[in-house]
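# Survey of secondary and tertiary structure
So the chains spell out like this:
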Amino acid sequence: MNTEIISITDKNPQESALARAARIIQSGELIAFPTETVYGLGGNGLDAEAAHKIYAAKGRPSDNPLILHIAFPTDAEKYAEVSPVYTLLAKAFMPGPLTVILPKKAIVPRSVTGGLDTVAIRCPSHPVAHRLIELAGVPIAAPSANLSGKPSPTEASHVIRDLSGRIPMILDGGSCEIGLESTIVKIEADGSLTLLRPGGITYDALCMVVPKVKVADAVTKQLAENERPLSPGMKYRHYAPTAPVVLLDGAPEKVLSFLQDEQKKRACAILCYMEELDFLTPRLLFPVGGRNDLKAQAQSLFRCLREADLSEAEIIYAHLPVQTGMGLALYNRMIRAAAHTVQQIS
Ligand code: AMP
Ligand code: MG
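Residues numbered from 1 in each chain as written. Chains lettered and ligands numbered in written order. Predicted model: local features only at pLDDT ≥ 70, side-chain atom pairs only at ≥ 80, totals over all residues. Heavy atoms only, no water.

## Regarding the pairing of strand β14 (residues 315-319)
What counts here: Only protein chains enter the accessibility calculation, which uses a 1.4 Å probe; a residue whose area is less than 20% of its type maximum is buried, one above 50% is exposed, and one in between is partly exposed. The helix count covers DSSP runs of H or I at least four residues long, the strand count covers runs of E at least two residues long, and both are numbered beginning at the N terminus. The pairing criterion is simple: DSSP has to find at least two bridges between the two strands. When the strands point away from the viewer and the connection leading from the first strand across the helix to the second strand turns clockwise, the crossover is called right-handed.
The element β14 is largely enclosed, with a buried count of five among its five residues. Alternating positions in β14 separate into two faces, Ile315, Tyr317 and His319 on one and Ile316 and Ala318 on the other, with burial throughout. Where strand β12 (residues 245-250) lies against β14, four bridges are found, and the strand directions are parallel. Residue Val245 lies in a different strand from β14, and its bridge partner there is Ile316. Sheet topology note: the strand β13 (residues 268-271)/β14 ladder contains four bridges and is parallel. Along β14, the bridge assignment pairs Ile270 with Tyr317. Crossover β13 to β14 through helix α9 (residues 294-310) is right-handed.

Okay, here's the thing in structure tokens:
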């Protein structure tokens, strides 16, 4: 299949290109498009066949459900049983990087929800994503636009590398602002929330709106072999480059000295902090941002993982993130990329 790549920026929304993309969605085919989190691979969310095409293009197991993207927060009631807590969350965080799990209505095919009775709903704030959904006139089912298991794409070039030849069109909207996938929460029967995946909306921000928020074990811990995760995506190897990733934990000066020694011994890629650049040999360094700039780290993490993976490095080192604020989302992605390999440096 020939994949058409269309550059489409906020300043230059190119209504006619978006209208054509919307028609492709309506015809049952797929489009990769930018959102404020990562690039999505979208199809008509009410069409079971389109969902099958998404799983096939990504090589994704079909029990790992897709997120239904809507143009306006109130559209949720067409596809799911909404509750007062949903309305509170929508007022506070939508449009934006929050996905809410709700009981699904019959109109949503089970192939979209991986066979579950619940559906994941998100209303993206990115103008291209918003307009595409609006013009399509249907909700757009979309997971991240990467091959299954690879880091999510935060630039069109990542999507081109993974999906070129597999889908008819990629909309290039530049770099994604947040760089990590949406926060996913489930609304429980008692109105409390379970945080299934941390992202751009932090745990603290959620607690300001809903008093009781529980963090699912799988966010930070490795599940036992037979344990069933609350969010099917959590059981899969994820964000993983081909080279092994090792996370380093220890005092900053000790970790730096360990990295200096390692650079002498082997071809190691290092996802380093800006502050470390002057103290390391400038080879296979992938600066993720300032040590305390979690926002910059989130934005560049997946790009750095991809670039490190394309290099000749035999091992990839990165710092173990903190678990507060945006750090929890970074921690959650890194611990998966590293298959829970953490090395203590003392
Ligand atoms: P992706 O956008 O590629 O990260 O994929 C969507 C994510 O949403 C997956 O990790 C799923 O596990 C999660 N998800 C989608 N629908 C549901 C649902 N009904 N219940 C729990 N998690 C879900
Ligand atoms: Mg994904």
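## Details of the nonpolar core
Test applied: In these notes, a set of buried Ala, Val, Leu, Ile, Met, Phe, Trp, Tyr and Cys residues joined through side-chain atoms within 4.5 Å is what counts as a nonpolar core. Two residues form a contact once any of their heavy atoms are found within 4.5 Å.
Ranked by size, the top nonpolar core spans 52 residues in total, and within it Tyr86, Leu89, Val100, Ile121, Leu193 and Leu206 carry the most contacts. The element best represented in this core is helix α4 (residues 84-93), accounting for five residues. In this view, Leu206 contacts Leu89, Phe93, Leu98, Thr183, Val185, Leu193, Leu195, Ile201 and Val213; residues no more than four positions away in its chain are not counted. Ala269, Ala298, Ile316 and Ile335 belong to the second largest nonpolar core, which has 31 residues in total.

## So, the pattern of salt bridges
Our working rule: Salt bridge, as used here: a side-chain nitrogen of Lys or Arg that lies within 4 Å of a carboxyl oxygen of Asp or Glu.
Inspection of every chain in the model, using the stated rule, returns 18 salt bridges. Between Lys150 and Asp309 there is a salt bridge, with the nearest N and O atoms lying 3.8 Å from each other. In this pair, Lys150 sits in the loop between β7 (140-142) and α6 (156-163) while Asp309 sits in helix α9, placing the two residues 159 residues apart along the sequence. Under the relative-accessibility criterion, Asp309 is labelled partly exposed at 22%. The shortest N-O distance in the salt bridge between Glu262 and Lys265 comes to 3.7 Å. One end of the pair is Glu262 and the other is Lys265, both in helix α8 (residues 252-265) and three residues apart, which spans about a single turn. Via salt bridges that share partners, Glu15, Arg131 and Glu134 belong to a single interconnected network.

## Quick word on the packing of aromatic side chains
To be explicit about the condition: The aromatic pairing rule takes the rings of Phe, Tyr and Trp, using the six-membered ring of Trp, and pairs them if the centres are within 6.5 Å, calling planes under 30 degrees apart stacked, those over 60 edge-to-face and the rest tilted.
Summed over all chains, the structure comprises one aromatic pair. Taking 5.5 Å as the distance between ring centres and 80 degrees as the angle between the ring planes, the aromatic pair formed by Phe258 and Tyr317 counts as edge-to-face. Within this pair, whereas Phe258 is found in helix α8, its partner Tyr317 is found in strand β14, the two being separated by 59 residues in sequence. Phe258 sits in the buried class, given a relative accessible area of 16%.

## A short note on the side chain of Lys58
Defined as follows: Asp and Glu count as negative and Lys and Arg as positive, but His and the ends of the chain are not part of the count.
For Lys58, the location among the structural elements is in helix α2 (residues 48-58). Asp162 is the oppositely charged side chain nearest to the buried, salt-bridge-free Lys58, at an N-O distance of 7.5 Å. For Lys58, the residues in contact, after removing those within four places along its chain, are Leu41, Pro143, Ser144, Asn146, Leu147 and Ser148.

## Regarding empty space enclosed by the protein
If you roll a probe as big as a water molecule over the atoms, it shows you where there is empty space left. What counts is decided by this rule: Grid points spaced at 1 Å and placed over the protein atoms alone form the basis of the search, with a cavity being a set where a 1.4 Å probe fits but cannot get out and a pocket an open set showing protein on both sides within 12 Å along at least five of seven lines. Lining residues have an atom within 4 Å of a point. Grid points are joined across faces, edges and corners, and a volume is the space filled by probe spheres set on the points. Residues are sorted three ways: Asp, Glu, Lys and Arg are charged, Ala, Val, Leu, Ile, Met, Phe, Trp, Tyr, Cys and Pro are nonpolar, and all the rest, Gly among them, are polar.
Using the criterion set out here, one finds two cavities of 30 Å³ or more in the structure. A volume near 100 Å³ is recorded for the largest cavity. The wall of the largest cavity is formed by Leu271, Tyr273, Val288, Gln297, Leu301, Ala318, His319, Pro321, Leu330 and Met334. Across the lining of the largest cavity, the residue classes break down as eight nonpolar, two polar and no charged. Estimated volume of the second largest cavity: approximately 50 Å³. Along the walls of the second largest cavity sit Leu195, Pro198, Gly199, Ile201, Thr202, Tyr203, Gly325, Met326, Leu328 and Ala329, which together make up its complete lining. In terms of residue class, the lining of the second largest cavity is built from seven nonpolar, three polar and no charged.

## Things to note about the sheet that holds strand β6 (residues 118-122)
Each strand in a sheet pairs with another by means of backbone hydrogen bonds, the pair being arranged parallel or else antiparallel. For clarity, the threshold we go by: Every axis in this analysis is a line fitted to C-alpha atoms, fitted for helices over the stretch in contact. Angles between the N-to-C directions lie between 0 and 180 degrees.
What the eleven strands build is an open sheet, ordered β1-β8-β2-β3-β7-β4-β6-β5-β9-β10-β11; its pairing is mixed. What marks the edges here is a single partner per strand, and that holds for β1 (4-7) and β11 (213-215). Taking each pair of neighbouring strands and ignoring which way they run, the sheet shows an average axis angle of 30 degrees. With three bridges connecting them, strand β2 (residues 31-33) and strand β3 (residues 40-44) associate as antiparallel partners. Bridge pairing in β3 links Ile31 to Gly42. Seen against the sheet, α4 touches β5 (98-103), β6, β9 (183-187) and β10 (193-197) and runs at an angle of roughly 165 degrees to β5.

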